[in-house]
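An overview of the molecular structure
Below are the chains, spelled out letter by letter.
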Amino acid sequence: MTSVRVLVGTKKGAFILTSDAARQAWHVSAPLFAGWEVYHVKGSPLDANRIYASQSGGWFGQVIQRSDDGGETWQPVGNEFAYNGETGAHQWYDGTQHPWEFTRVWHLEPSPADADTVYAGVEDAALFRSRDGGQTWQELSGLRRAKGELWQPGAGGMCLHTILLDPDNPQRIYVAISAAGAFRSDDGGQSWRPINQGLVSPWELPDPNAEVGHCVHNLAMHPSRPDVLFMQKHWDVMRSDNRGDLWHEVSGNLPSDFGFPIAVHAHEPETIYVVPIKSDSEHFPPDGRLRVYRSRSGGNEWEALTNGLPQHDCYVNVLRDAMAVDTLDACGIYFGTTGGQVYASPDGGDSWMAIAENLPKVLSVEVQVVP
Amino acid sequence: MIRVVMPMHLRNLAGVDKEVTLDVAEPVTLDAVLNALEAAHPVLRGAIRDHATHKRRAFVRFFACREDISHESGDYLLPAAVADGREPLRIVGALAGG
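This write-up is about the structure you can find in this document. The shown structure was predicted, so the numbers you read here are calculated from the model rather than taken from an experiment.

On to the overall build of chain B. Broken down by element type, chain B carries three helices and five strands. Along chain B, from the amino end to the carboxyl end, the secondary structure elements read β-α-β-α-β-β-α-β. The C-alpha atoms of chain B give 12 Å as radius of gyration, which agrees with the globular expectation for 98 residues (13 Å, within 12%). Within chain B, the fraction of its 98 residues that count as buried is 32%. Excluding contacts between residues fewer than 6 apart, the proportion of contacts in chain B whose partners are at least 24 apart in sequence is 55%.

Here the focus is the overall build of chain A. Looking only at helices and strands, one finds zero helices and 30 strands in chain A. Its C-alpha atoms give chain A a radius of gyration of 19 Å, within 12% of the compact-globule value 21 Å for 371 residues. Overall size of chain A, expressed as C-alpha extent along the three principal axes, is 50 × 45 × 40 Å. Burial statistics for chain A: of 371 residues in total, 54% are counted as buried.

Here we take up the sheet that holds strand β25 (residues 303-305) of chain A. Residue and element names in this part refer to chain A. As summarised here, the arrangement of the four strands in space is β22-β23-β24-β25, forming an open sheet in which the pairing is antiparallel. Each edge of the sheet is formed by a strand with only one pairing partner; in this case those strands are β22 (262-264) and β25. Pairwise comparison of adjacent strand axes, ignoring direction, gives a mean angle of 30 degrees for this sheet.

Counting residues at the interface gives eleven residues for chain A and 13 residues for chain B. Residue contributions to the side of chain A that touches chain B peak at three residues, all from strand β6 (residues 61-67) of chain A. Tallied by class, residues from the side of chain A that touches chain B come to five nonpolar, five polar and one charged.

The subject of this paragraph is unusual backbone geometry. That bond from aspartate 329 of chain A to alanine 330 of chain A is cis: its omega, 10 degrees, falls within 30 degrees of zero. By the element assignment, alanine 330 of chain A lies in the loop between β26 (323-325) and β27 (333-336). In this chain, glutamate 26 of chain B is followed by proline 27 of chain B through a cis amide linkage whose omega measures 0 degrees. Structurally, proline 27 of chain B can be placed in the loop between β2 (20-22) and α2 (30-40).

So, how was this worked out
- Residues numbered from 1 in each chain as written.
- Chains lettered and ligands numbered in written order.
- Predicted model: local features only at pLDDT ≥ 70, side-chain atom pairs only at ≥ 80, totals over all residues.
- Helix = DSSP H or I, 4+ residues; strand = E, 2+ residues; numbered from the N terminus.
- Rg over C-alpha atoms; globule rule 2.2 N^0.38 Å.
- Buried ≥ 20, exposed ≤ 12 C-beta atoms within 10 Å, placed from the backbone.
- Contact = placed C-beta atoms within 7 Å.
- Pairing = 2+ DSSP bridges.
- Axes fitted to C-alpha atoms, helices over the stretch in contact; angles between N-to-C directions.
- Nonpolar A, V, L, I, M, F, W, Y, C, P; charged D, E, K, R; others polar.

Here it is, written out as structure tokens:
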């Protein structure tokens, strides 16, 4: 019987929420890796039982966990993320150069082509790949040659937080880095170029032609149209129809175009979702009302989705990796908040329910449909 | 026989209940014990010391016979009471984080 598994990474452990395909009644697991920060948990698109988790903490560093039985049991795998060759340096807050230092893995992206291949986006920003199920990791260091000396950390650290793998072209990879921008490789990760033309941040980055330095919060892509990308930037929701070569703004009638996650409906490539946040200093929804906004036109025209979401006195945030969609019909939408709630909509966003209400601060949400 | 006491998170990672016992040849230095610990429990590599530099992680502390030896070098010769197993080497997660 088909079931749904929501993988939630939090500030103090991971949780697995499970339901049948109706997605009405949910079971919340006991905490996994209790006490550790779990930035991301994600399953292989080829094997629902293969799940990777990034477990980290200030005391004892980085651990990568792997499950081969759908999260029932876990084994630590490789945790050595050694930058390739000369470590090099990036810009520091005072304008000096600062050596790259590994802090943690923000995002794990299992390959859609090979169950043993998985990518890791890390802080300080770099992309690693494992071809042995996470046992060993090699840096794709060509990325840091894409003007890495000019990258500098944002308030959340200089993290590589988004990895999109083109399902039609295994040579094409997109990544996004705070606060450096978006980058694309067309040769399997060997060489990279910034893809930030059209992004505008007039106050923070006055040079309209700046190739890097853009604060990209999240990217999304529909697997049927991998040339079309959507972006939630620090401010502005953006769209590119040519693999990131040129972006244009599609914020339209959003109450705020600041936010973190962006997602695409599983069956409608022009239907996208964002969660507007008031501002970069007030990390909560406008007017204390938690609203997901949906555009059925690929941007510009947005409708508020509020049914079942708190519409007063709500001051939580939704972080960049904390929104996901399932592949059932109707498409399910899921997101988690810094207040520890996880909300689910089994009908594409028309109605919502809290499927967990009192978790630690939610850092990431992913979903699996288990046949 | 050397005894090593670790905090809960490291015990969980290593899959051990209480203290760990190790055979370490003389001279029993701090690095020799940590090397033996990581060899016996490879999952602890990177959790106590940096993978490449072997530098102690910032919020990990080492105690022997109630003395904080965290700032000693890897060549530091552990006290005789630790070397002969009467006292454990204690690896402690620093009080930090508010």
